[in-house]
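Results of the structural survey
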Amino acid sequence: MESTREMLLAELPIGISATGKRTEFDSMGKTEVPADRYWGAQTERSLHHFDIGEDRMPKGVYHAYGYVKKACALVNAESGRLPRWKRDAIVRAANEVIAGSLDDHFPLYVWQTGSGTQSNMNVNEVISNRAIQLLGGTLGSQSPIGPNDDVNMGQSSNDTFPTAMHIASVTAIDDVLLPRLEELAGTIERKAEGWMDVVKIGRTHLEDAVPLAVGQEWYGWAGQLRGAMAEISASRDGLYELAIGGTAVGTGVNAPKGFSQAVAGTIAELTGKPFKTAPNKFSAQGSLDAMVRSHAALRGLAVALMKVANDIRWLASGPRCGLAELVLPANEPGSSIMPGKVNPTQCEALMMISIQVLGNDSAVAFAGSQGNFELNAMRPIIINNFLHSARILADGCERFRRYSVEGTELNAAKIASYVEGSVMLVTALSPAIGYQNAAHIAERAIAEGITLRAAALSSGKVDAALYDMAINPLEMVGTGLAGA
């Protein structure tokens, strides 16, 4: 029997050539499904009852689910609960889920049962039917591979869905977001290194302040991004803990002893990431706190990006009547009526992304607070918002780096003119003549529209030698990043 089944595991096309409908069944009875799709009755019922909006469950959830089902099949076979030939068929189908080859067979909406049961059954049905096809059986028969008894063996939606959520979230962070954020931070740092000898006037409260180097200002932005990266990286610790093995309410009913540890270890091996079994299955299934904390780290990145994008667009305002210290790449015409106008569009896009992530975080936090007893039934909205935030942040960082930061140049003449015209350089005179005397010099320069030097020399408190010694903008910016 074993060898016969293995021989049937031959290369077969993923698509189904049949057209029209076929009959599938579940515990509630029979229903018709599209014949060219692998899903079954429960998926079809969900499509009928939850045809809400255009928000589909992210494919990343299903790819993560592929790892869950593959790992469970391997562990169930190792313990002797699942025949090897069934394991091979399930693993083969799960590999196709992981690779995205079966993405068209996962059509469900975000707005469904809050436990994610229908998405879990969507995966079970697709893997079951694909495995049946690989074994030469009849689609919809649930034989010889059943969606509940075989693919879902030892599992519940209540423990597999949060497990898939964690896998999908860590994957989005590691494989998409952090690499692009690293590239953006590195590019900003390289720009900063090249501009450490360019002095500019700082601004606090939107008003003129003492000088700093352009590079120091840019290092400030890079520091914000590095801090956000550290928080996002640290937030993965909670996501590494997997609920799998807790089954319905955290007790592990219908799962064999050691199942949770074995499956978590197998998932870690398959993904190359340090997943482990959650030590407390009741909190892992009754709450979504790890997801809430991790998304809060994404919110922190959004806050930092908002600051960076806003600073850059203000510093680039102009070109003639704004601050005009930075010159951004001219990527596209900025107006349908004003010829020659160019706008800071990448900054604006990144700011809108940040606003969206802040909104997503509010929804995630509120949904996270809605756990009741042994289950938080707000899971779909949380994973949808999390993956949405991670993706747009990653894409936004990549586009912002490529189409704005890399090509940004300095308007050296404008920067120098601001330094020359600033009265806040008077701060350097305070140690020699006192705060009040220095303040009066600044006030006179502003009131009479004269240079700081003229106001200082005419005050009788400062001679040319003292002024030239004290007022040295390059020395005022210090030698280190802290200006010390």
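This text follows the structure it describes.
First, a word on what this report is: a plain description of the structure on this page. What you see is a predicted model; the values in this text were computed from it and never measured.

**Here's the deal with the environment of Met 469**
Relative to the elements of secondary structure, Met 469 occurs in helix 18 (residues 464–470). Spatially, the C-alpha atoms of Met 469 and Ala 428 are 9.5 Å apart, while their sequence positions differ by 41 residues.

**Here's the deal with the pattern of salt bridges**
Under the counting rule described, the total for this entry stands at 26 salt bridges. The shortest N-O distance in the salt bridge between Lys 86 and Asp 150 comes to 3.3 Å. Residue Lys 86 is found in helix 4 (residues 84–99), and its partner Asp 150 is found in helix 6 (residues 147–151); the two are separated by 64 residues along the sequence. Residue Asp 395 is joined to Arg 391 by a salt bridge in which the shortest nitrogen-to-oxygen separation is 2.8 Å. On the criterion of helical spacing, the pair formed by Asp 395 and Arg 391 is a turn pair, its members being 4 residues apart in helix 13 (residues 379–405). Judged by relative accessible area, Asp 395 falls into the buried class, the value being 19%. The structure contains a network of salt bridges with shared partners spanning Glu 183, Glu 398, Arg 399, Arg 401, Arg 402 and Glu 406.

**Focus on the side chain of Thr 31**
Here Thr 31 is to be found in strand 2 (residues 29–34). The contact partners of Thr 31, leaving out residues within four places of it in the chain, are Arg 22, Thr 23, Glu 24, Ala 41 and Glu 44.

**Overview of the packing of aromatic side chains**
Under the definition given, this model contains 5 aromatic pairs. Consider the rings of Tyr 62 and Phe 106, whose centres lie 4.4 Å apart with planes at 10 degrees: the pair is stacked. Remark: Phe 106 occurs in the loop between helix 4 and helix 5 (117–134) and Tyr 62 occurs in helix 3 (residues 59–78); sequence separation between them is 44 residues. On the basis of relative accessible area, Tyr 62 is assigned to the buried category, the value being 0%.

**Quick look at unusual backbone geometry**
Here the bond from Ser 143 into Pro 144 is cis, since omega is 10 degrees, no more than 30 degrees from zero. In this fold, Pro 144 is placed in the loop between helix 5 and helix 6. A cis amide bond, omega 10 degrees, links Gly 318 with the succeeding residue Pro 319. Even without being a glycine, Gln 142 presents a positive backbone phi close to 60 degrees. Along the chain, the position of Gln 142 falls in the loop between helix 5 and helix 6. Overall, Gln 142 belongs to the partly exposed group, its relative accessible area being 25%. A positive phi angle, close to 50 degrees, is found at Thr 247, a residue other than glycine.

Cut-off values and rules
Throughout, residues of each chain are indexed from 1 in the direction in which the sequence is written. The predicted origin of the model limits local features to residues at a pLDDT of at least 70 and limits the giving and counting of side-chain atom pairs to 80 or more, whereas totals for whole chains, interfaces and linings rest on all residues. Values reported for side chains reflect all heavy atoms of the structure, with hydrogen atoms and water molecules removed beforehand. Runs of E in the DSSP output that reach at least two residues are strands. Runs of H or I that reach at least four are helices, and both are numbered from the N terminus. A pairing counts as a salt bridge when a side-chain nitrogen of Lys or Arg comes within 4 Å of a carboxyl oxygen of Asp or Glu. Partly exposed residues are those whose accessible area sits between 20% and 50% of the maximum for their type, while under 20% is buried and over 50% is exposed, using a 1.4 Å probe and protein chains only. In this analysis, two residues are considered to be in contact whenever any of their non-hydrogen atoms come within 4.5 Å of each other. Ring pairs shown here join Phe, Tyr and Trp side chains whose ring centres sit within 6.5 Å, with only the six-membered ring taken for Trp; geometry is labelled stacked below 30 degrees between planes, edge-to-face above 60, and tilted in between.

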